[in-house]
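If you want the building blocks of each chain, they are given just below.
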Amino acid sequence: MTHEQLRTSIDAWALGALPEAEARQVEAHLAECPECQADAQTAGAVAVGLAGSAPAQAPSPSVRATLMSAVAVRTRPSLAARTGWLVAAASLVLSGYLTWDGLRLRDQVATLSTRLAEAQALNAAAETRVTTLQHAAERGASAMAVLTAPDLAQIDLAGQPEAPDARARAFWSRERGMVFSASKLPPPPPGKTYQVWVVTADPVPISAGLIEPDSQGLVDVVFATPPDIPQPKAVAVTLEPAGGVPAPTGAKYLVGLV
Ligand SMILES: [Zn+2]
């Protein structure tokens, strides 16, 4: 095959469009003809440029290396233009896959984010439950300490005219405090609270603490009362301004003599 005949085939060769036998003839001539080598380089660059002009997403380095070695096995190293074209075509296929894979990954990330938020909410709820149980356990331990005190005294309180059905019972230990429970205590009016008093020989009763009946009118609390108070004569509950007062001012709701 002559130089003139071959020149017309170089473009087709660069695109990898020549039959195998003809391609070998072109390559044999290229090896010894600098002029055709220059043409082949130009044609190769155009072929690669054509393939590369399509938008292609760059594959990851590892994927690209795998592809390159696969392409290298199927093509001869001397066919730089053909190899470049094949890699560009493979990149197109890959970019489609990567786009689809990227969307799938985004969905997975969104799903995982939702599950994480759900897990965090569950965790917060569990922590709240643990805190509630801890408080209940601490209250139970305090109540147990009072109820097993050697100096335990029981005081029953009766409802007064303001709340004739109300009842209460106080277990008091000078050393360990007071367990106080009540029932049928009406809900306090807005801005008011119930306050429990220990009445002693002193002119001013000692405040044991504030109580708030639940929706059923029940109260179940443990107070830490001062350990050095004089011998009590009575326990009483009055209605006072919210936040409590240093000395009783309101109506008596419950009274029990020691
Ligand atoms: Zn030539």
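Residues numbered from 1 in each chain as written. Predicted model: local features only at pLDDT ≥ 70, side-chain atom pairs only at ≥ 80, totals over all residues. Heavy atoms only, no water.

J.: Got a minute to help me understand the overall build of the protein in this structure?
T.: For the protein, the helix and strand inventory stands at 6 helices and 8 strands. In the protein, the order of α-helices and β-strands from amino to carboxyl end is α-α-α-α-α-α-β-β-β-β-β-β-β-β. Relative to its 258 residues, the protein shows a buried fraction of 31%. Across the protein, every contact between residues at least 6 apart in sequence was considered, and the portion connecting residues at least 24 apart equals 60%. For the protein, the exposed surface amounts to about 15500 Å²; the carbon and sulfur share of it is 61%. (Helix = DSSP H or I, 4+ residues; strand = E, 2+ residues; numbered from the N terminus. Buried < 20%, exposed > 50% of the residue type's maximum accessible area, 1.4 Å probe, protein only. Contact = heavy atoms within 4.5 Å. Areas by Shrake-Rupley, 256 points an atom, 1.4 Å probe, with all protein chains shown as cover.)

J.: It is not clear to me how the coordination of the zinc ion should be interpreted in this structure. Could you clarify?
T.: In a perfect tetrahedron of four donors around a metal, the angles come out at 109.5 degrees. In a perfect octahedron of six, they are 90 or 180 degrees. In the first shell of the zinc ion, the protein supplies His3 (ND1), His29 (NE2), Cys33 (SG) and Cys36 (SG), at 2.0 to 2.3 Å from the metal. Around the zinc ion sit 4 donor atoms, and with donor-metal-donor angles ranging over 101 to 121 degrees the site reads as tetrahedral. For the zinc ion, all donor residues lie on one chain, and their spacing in sequence is H-x25-H-x3-C-x2-C. Here the two residues His29 and Cys36 agree in accessibility, since each one is buried. (Donors = N, O, S within 2.8 Å, 3.2 Å for Na, K, Ca; no water. Tetrahedral: all angles 85-135°; square planar, octahedral: opposite > 155°, others 65-115°.)

J.: Before we go on, may I ask you to explain the side chain of His29 in this structure?
T.: Following the sequence through the fold, His29 ends up in helix α3 (residues 20–30). A relative accessible area of 14% places His29 in the buried class.

J.: Would you take a moment to explain α3 for this structure?
T.: One turn of the α-helix equals 3.6 residues, which is why residues spaced by three or four share an orientation. When we look at burial in α3, the residues that qualify are Ala23, Val26, Glu27, His29 and Leu30. End-on, the buried residues of α3 take up no more than an arc of 160 degrees, which puts them together on one face. (Arc of directions from axis to C-beta.)

J.: I keep staring at the pattern of salt bridges and nothing clicks. Help me out?
T.: Side chains that differ in sign of charge can pair as their charged atoms come close. In the structure shown here, the tally under the stated rule is 2 salt bridges. One salt bridge in this structure joins Glu20 and Arg24, with 3.7 Å as the shortest N-O distance. Highlighted residues: Glu20 and Arg24, both in helix α3, separated by 4 residues, approximately one helical turn. The salt bridge involving Arg169 is made with Asp156; its shortest N-O contact spans 2.5 Å. One end of the pair, Arg169, is in strand β2 (residues 167–173); the other, Asp156, is in strand β1 (residues 153–159), and 13 residues separate them in sequence. Under the relative-accessibility criterion, Asp156 is labelled partly exposed at 40%. (Salt bridge = Lys/Arg side-chain N within 4 Å of Asp/Glu carboxyl O.)

J.: Is there a simple way to think about the packing of aromatic side chains in this case?
T.: Per the stated rule, a full pass over the model turns up 1 aromatic pair. Residues Tyr194 and Tyr253 carry aromatic rings whose centres are separated by 5.1 Å and whose planes lie at 70 degrees to one another, so their mutual orientation is edge-to-face. Of the two residues, Tyr194 is situated in strand β4 (residues 192–199) and Tyr253 in strand β8 (residues 252–257); the sequence distance between them amounts to 59 residues. In terms of burial, Tyr194 and Tyr253 fall into one category: buried. (Phe/Tyr/Trp six-rings, centres within 6.5 Å; stacked < 30°, edge-to-face > 60°.)

J.: Explain the pairing of β4 here, please?
T.: Look at any regular strand and the pattern is simple: side chains alternate between the two faces of the sheet. The buried count for β4 comes to 6 of 8 residues, which makes it a mostly enclosed element. Inspection of the sheet shows β4 paired to strand β7 (residues 234–241) by 8 bridges, in the antiparallel sense. Bridging from a neighbouring strand, Lys192 pairs with Pro241 of β7. Summarising the sheet, β4 and strand β5 (residues 206–211) pair through 5 bridges and their orientation is antiparallel. Bridge pairing links Trp197 to Ser207 in β5. With antiparallel pairing between neighbouring strands as the criterion, β4 and β5 make up a hairpin whose turn holds 6 residues. (Pairing = 2+ DSSP bridges.)

Shape descriptors only; they carry no functional weight alone.
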